[in-house]
Amino acid sequence: EAWALLDTVGAQYLWWTWHNSEPLYNDREAGVPVASSFWIMASIGSLALCVRACSERRMWICGVLVGPAATLGLMHLPFLALYHPLVTAAGFHASFAMWAFRLCCAVPLLLRLGPPKPDKSVLKQLVLYVVVIAGIAMCCDPQKETRLSFSQPCAPACDVEES
């Protein structure tokens, strides 16, 4: 979920943009396509699950093997279980799928941060990340950024980015 914060700040600083002509990007939160945040949350979450399983066994080769499997396979489960049934099939706004995914991820996170023995390393990482991204958002002026890009050109019918 923390990626959504970075996605929002990154859009303001034009670290990236999205093609507005892509229908997948119509549903947005704070100017950021929900599908973008959902995708990265699924990707990083699946990678974290697989790497954690390998780190407990202290087998680095396991991480090398499961990393691609996580990002090419496991990350599709949230799309199959939540995104496509709610958005593609039922026609709900993508934020419904995103909030369902957030809830699914929040439960195990809250269990790790709660009593009887909170995982302080997870809490420290979360706080550090939020402080750094919030610091960038509050202390820097996106209007002063110069954007140099080798990104793909827009299609002829491409709209101006409004994020």
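Definitions and cut-offs
- Residues numbered from 1 in each chain as written.
- Predicted model: local features only at pLDDT ≥ 70, side-chain atom pairs only at ≥ 80, totals over all residues.
- Heavy atoms only, no water.
- Salt bridge = Lys/Arg side-chain N within 4 Å of Asp/Glu carboxyl O.
- Helix = DSSP H or I, 4+ residues; strand = E, 2+ residues; numbered from the N terminus.
- Buried < 20%, exposed > 50% of the residue type's maximum accessible area, 1.4 Å probe, protein only.
- Patch = residues over 30% accessible without salt bridge, like charges linked within 9 Å, V, L, I, M, F, W, Y side chains within 5 Å.
- Areas by Shrake-Rupley, 256 points an atom, 1.4 Å probe, with all protein chains shown as cover.
- Phe/Tyr/Trp six-rings, centres within 6.5 Å; stacked < 30°, edge-to-face > 60°.
- Lys NZ or Arg CZ within 6 Å of the ring centre and 35° of its normal.
- Expected span 1.5 Å × (residues − 1).
- Arc of directions from axis to C-beta.
- Core = buried A, V, L, I, M, F, W, Y, C linked by side-chain atoms within 4.5 Å.

Caption draft 1: View of the pattern of salt bridges. By the definition in use, this model includes 1 salt bridge. The salt bridge partner of Arg102 is Glu29, with a shortest N-O separation of 3.0 Å. Of this pair, Arg102 sits in helix 5 (residues 94-113) while Glu29 sits in strand 1 (residues 28-29); the two residues are 73 residues apart in sequence, bridging distant segments of the chain. With relative accessibility at 11%, the residue Arg102 sits in the buried group.

Caption draft 2: Local environment of the environment of Asp141. Within the fold, Asp141 resides in the segment after helix 6 (120-139). Looking at Asp141, the relative accessible area reads 34%, which means it is partly exposed. Spatially, the C-alpha atom of Asp141 lies 8.2 Å from that of Tyr13, the residues being 128 residues apart in sequence.

Caption draft 3: Region of the structure containing a nonpolar patch on the surface. Judged by side-chain polarity, Leu5, Leu109, Leu123, Leu126, Val127, Val130 and Val131 come together as a nonpolar surface patch covering roughly 520 Å² of accessible area. Per element, the largest residue contribution to the nonpolar patch is 5 residues, and it comes from helix 6. The class for Leu126 is partly exposed, based on a relative accessible area of 35%.

Caption draft 4: Structural detail: the packing of aromatic side chains. Following the criterion strictly, the structure yields 5 aromatic pairs and no others. Grouped by ring-pair contacts, the aromatic residues Phe38, Phe79, Tyr83 and Phe101 constitute a single cluster. Lying across the ring of Trp99, Arg102 places its NZ or CZ 4.2 Å from the centre.

Caption draft 5: Looking closely at helix 6. Compared with an ideal rise of 1.5 Å per residue, which puts 20 residues at 28 Å, helix 6 spans 27 Å between its outermost C-alpha atoms and is within 8% of the ideal. Restricting attention to buried positions, one finds in helix 6 the residues Val122, Ile133 and Ala134. Projected down its long axis, helix 6 carries its buried residues within an arc of 100°, all on one side. More than 90 degrees from the buried face of helix 6, the exposed residues found are Lys120, Lys124, Leu128, Val131, Met138 and Cys139.

Caption draft 6: Quick peek at the nonpolar core. Core analysis: the biggest nonpolar cluster contains 14 residues, and Phe38, Phe79, Tyr83 and Phe101 have the highest contact counts within it. Counting residues per element, the ones that place at least two in this core are helix 2 (34-57), helix 4 (76-89) and helix 5.

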